[in-house]
Amino acid sequence: MPFAHQVTILAIESSCDDTSAAVIRDGRVLSNCTANQEVHRQYGGVVPEMASRAHQANIIPVVEQALRQASVHKEALSAIAFTRGPGLMGSLLVGTSFAKALSLSLEIPLIEVNHLQAHVLAHFIEEPVPSFPFLCLTVSGGHTQMVLVRDVNSMEVIGQTRDDAAGEAFDKAGKLLGLGYPAGPAIDRLAQQGQPRFAFPEAQMPGLDFSFSGLKTAILYFLREQLAADPQFVDKHLADICASVQHTIVSMLLRTLQRAAHQTGIREVALAGGVSANTELRQRFEALGRQEGWRTYIPAFEYCIDNAAMIGIAAYYKYLRGEFCAQDVAPYTRGFQP
Ligand code: KG4
Ligand code: ZN
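Residues numbered from 1 in each chain as written. Chains lettered and ligands numbered in written order. Predicted model: local features only at pLDDT ≥ 70, side-chain atom pairs only at ≥ 80, totals over all residues. Heavy atoms only, no water.

**Overview of the overall build of the chain**
Along the backbone of the chain there are ten helices and ten strands. Taking 20 Å as the expected radius of gyration for a compact globule of 338 residues, we find that the chain reaches 21 Å, a close match to that expectation. Reported as C-alpha extents along the three principal axes, the dimensions of the chain are approximately 70 × 45 × 30 Å. Relative to its 338 residues, the chain shows a buried fraction of 55%. Contacts in the chain between residues far apart in sequence, at least 24 positions, make up 73% of those at least 6 positions apart. Total accessible area computed for the chain in this model is approximately 14,700 Å², and 51% of it derives from carbon and sulfur atoms. (Helix = DSSP H or I, 4+ residues; strand = E, 2+ residues; numbered from the N terminus. Rg over C-alpha atoms; globule rule 2.2 N^0.38 Å. Buried < 20%, exposed > 50% of the residue type's maximum accessible area, 1.4 Å probe, protein only. Contact = heavy atoms within 4.5 Å. Areas by Shrake-Rupley, 256 points an atom, 1.4 Å probe, with all protein chains shown as cover.)

**Examining the nonpolar core**
If you look at the biggest cluster of nonpolar residues, it comprises 45 residues, and the most contacted ones within it are Leu-137, Phe-212, Ile-241, Ile-249, Leu-253, Leu-257 and Leu-281. Contributions of two or more residues to this core are made by β6 (134-139), β7 (144-151), α4 (166-176), α5 (184-191), α6 (213-229), α7 (233-264), β9 (268-272) and α8 (279-292). With 15 residues, α7 is the largest single contributor of residues to this core. Setting aside residues up to four positions removed in sequence, Leu-281 forms contacts with Val-139, Val-250, Leu-253, Leu-254, Leu-271, Val-275 and Ser-276. Counting 36 residues, the second-largest nonpolar core is a separate cluster that includes Ile-9, Val-29, Ala-122 and Val-152. (Core = buried A, V, L, I, M, F, W, Y, C linked by side-chain atoms within 4.5 Å.)

**Regarding the site of ligand 1**
In the region of ligand 1, 20 residues are neighbours, and Gly-141, Asp-171, Asp-188, Gly-274 and Asn-278 sit closest. Gly-274 places a polar main-chain atom, nitrogen or oxygen, 2.9 Å from an oxygen atom of ligand 1. Taking Asn-278, its side chain carries an N or O atom lying 3.0 Å from a nitrogen atom of ligand 1. The protein chains hide 88% of the 550 Å² of surface that ligand 1 would expose on its own. When contributions to the shell around ligand 1 are tallied by element, the ones reaching two or more residues are α3 (115-121), α4 and α5. Tallied by class, the residues present in the shell around ligand 1 amount to seven nonpolar, ten polar and three charged. (Near = heavy atom within 4 Å. Polar contact = N/O pair within 3.5 Å; in protein donor to acceptor, adjacent residues only side chain to side chain. Nonpolar A, V, L, I, M, F, W, Y, C, P; charged D, E, K, R; others polar.)

**Some thoughts on the sheet that holds strand β4 (residues 79-85)**
Spatially, five strands are ordered β3-β2-β1-β4-β5 in an open sheet, and the strand pairing comes out mixed. In the strand order of this sheet, the two ends are held by β3 (28-35) and β5 (110-114), each with one partner. In this sheet, neighbouring strand axes are inclined to one another by 20° on average, regardless of whether the strands run parallel or antiparallel. As paired elements, strand β2 (residues 19-25) and β3 share seven bridges and run antiparallel to each other. Opposite Thr-19, over in β3, you have Ala-35 as the bridge partner. Strand contacts of helix α2 (residues 89-106): β1 (8-13), β4 and β5, with the helix running at about 160° to β4, the strand carrying the most contacts. The strands touched by helix α10 (residues 308-321) are β1, β2, β3, β4 and β5; relative to β1, the strand with the most contacts, the crossing angle is about 130°. (Pairing = 2+ DSSP bridges. Axes fitted to C-alpha atoms, helices over the stretch in contact; angles between N-to-C directions.)

**Some thoughts on helix α1 (residues 48-70)**
The terminal C-alpha atoms of α1 lie 31 Å apart, and with 23 residues this matches the ideal 33 Å at 1.5 Å per residue to within 8%. In the structure, α1 departs most strongly from a straight axis at Asn-58, where the bend amounts to approximately 40° and where the proline Pro-61 lies between one and four residues downstream. Restricting attention to buried positions, one finds in α1 the residues Ala-51, Ser-52, Ala-54, His-55, Asn-58, Ile-59, Val-62, Val-63, Ala-66, Leu-67 and Ala-70. Contact partners of the buried residues in α1: β1, β2, β3 and α2. One or two positions beyond α1, positive phi appears at Ser-71, with a value near 55°. (Expected span 1.5 Å × (residues − 1). Bend = angle between axes of the 7 residues up to and from the residue.)

**Quick word on the packing of α6 against α7**
For the pair α6 and α7, the least separation of the axes is 12 Å and the interaxial angle reads 160°. Between α6 and α7, the angle is such that the two are roughly antiparallel. Considering how the two elements wind past one another, α6 and α7 form a crossing that is right-handed. Facing α6, whose interface residues are Leu-215, Ile-219, Phe-222, Leu-223, Gln-226 and Leu-227, α7 presents Phe-233, Val-234, Ile-241, Val-245, Thr-248 and Ile-249. When the residues that make up the contact of α6 with α7 are grouped by side-chain class, the tally is ten nonpolar, two polar and no charged. (Parallel < 35°, antiparallel > 145°, perpendicular 65-115°, else oblique. Left-handed = near helix turned anticlockwise from the far one by under 90°.)

**A look at the packing of α4 against α7**
For the pair α4 and α7, the least separation of the axes is 11 Å and the interaxial angle reads 170°. The orientation of α4 relative to α7 falls into the category roughly antiparallel. For the crossing formed where α4 meets α7, the hand is right-handed. Listed contacts from α7 to Ala-166, Ala-169, Phe-170 and Ala-173 of α4 are Val-245, Gln-246, Ile-249 and Leu-253. Residue classes in the contact of α4 with α7 are distributed as seven nonpolar, one polar and no charged.

**Regarding the pattern of salt bridges**
Under the counting rule described, the total for this entry stands at 13 salt bridges. Lys-236 is paired through a salt bridge with Asp-230; the nearest N and O atoms lie 2.8 Å apart. Since its relative accessible area comes to 54%, Lys-236 is described here as exposed. Residues Glu-323 and Arg-321 are paired through a salt bridge, measuring 2.7 Å at the closest nitrogen-oxygen approach. Among the residues examined, Arg-321 registers a relative accessible area of 32% and is labelled partly exposed. Three or more residues joined by partner-sharing salt bridges are found here, namely Arg-84, Glu-112 and Lys-318. (Salt bridge = Lys/Arg side-chain N within 4 Å of Asp/Glu carboxyl O.)

Here is the structure:
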């Protein structure tokens, strides 16, 4: 039997193309299991309809795996948490409907979580945790946001991309270079053997906003011009092109992060999201932190990418505040708040 004070939450994440389930007990991760969807690779991006179908196929095996790895029976659960949004509607509906059905049958509360707030709260899964207030730059395939975090339930988006996300910039550049999808990890790997010899324009946005769509166009024109003169240009200079693209994206991110820190006077600074796996971003972020006197935080890789453990942590804080949702709750596709 569970102890009376134990809070055990099953969390489900299905906002995009990964089906993930995690079991969190008293804020500690007991399991975090994810099924990736390889089906999208051949299309160079996530195909929403295929993502929903794959979630349908994966969700029960992934949940069973998470419960088994945690050695937790369904009857011991205190609540069911799920990602309500933002994300792809068809994908979100699978996790939402599953979570509702399970909470109803087990007669336990239901907790809805915002995916972007959960990326920020991934910093509370493991030590060291940032102190409040802190700045969190969330960089993923779908989002680029500067978040001022005052408390676990008090966050403000103070800057964001006006078009493409940082991960999307990596992925689109990689597509032009024939690197497959997602291209971020491949660009990271190739860049390590090259030098940033080619200069791409860095868009300057007012305030703390970002813009990455111009970069894709600049790379396209650059490649067109070079390939007209030398059809082997990409093959010969792939590592240097990757290093240059990566250098440009990282510079744009860090320049705005530095400005945000100066404007707010905050020196607790964190990265979140899948792009924080990037080697150059991590190295230059740490170096900038030393130069600026920041304390810097990056979660473990498995908690940077989309995962259910971060949904579970966010849900744990909601559980402690008694923030449960009704069975008629519906997903939403955009936004930082419901
Ligand atoms: O957070 P995430 O797993 O999913 C979203 O919520 O989007 O982020 C995936 C994104 C993809 O765009 C991928 O190309 C990028 O993160 N990414 C990287 C690296 N690893 C993943 N980008 C650059 N360097 C990496 N090492
Ligand atoms: Zn995400």
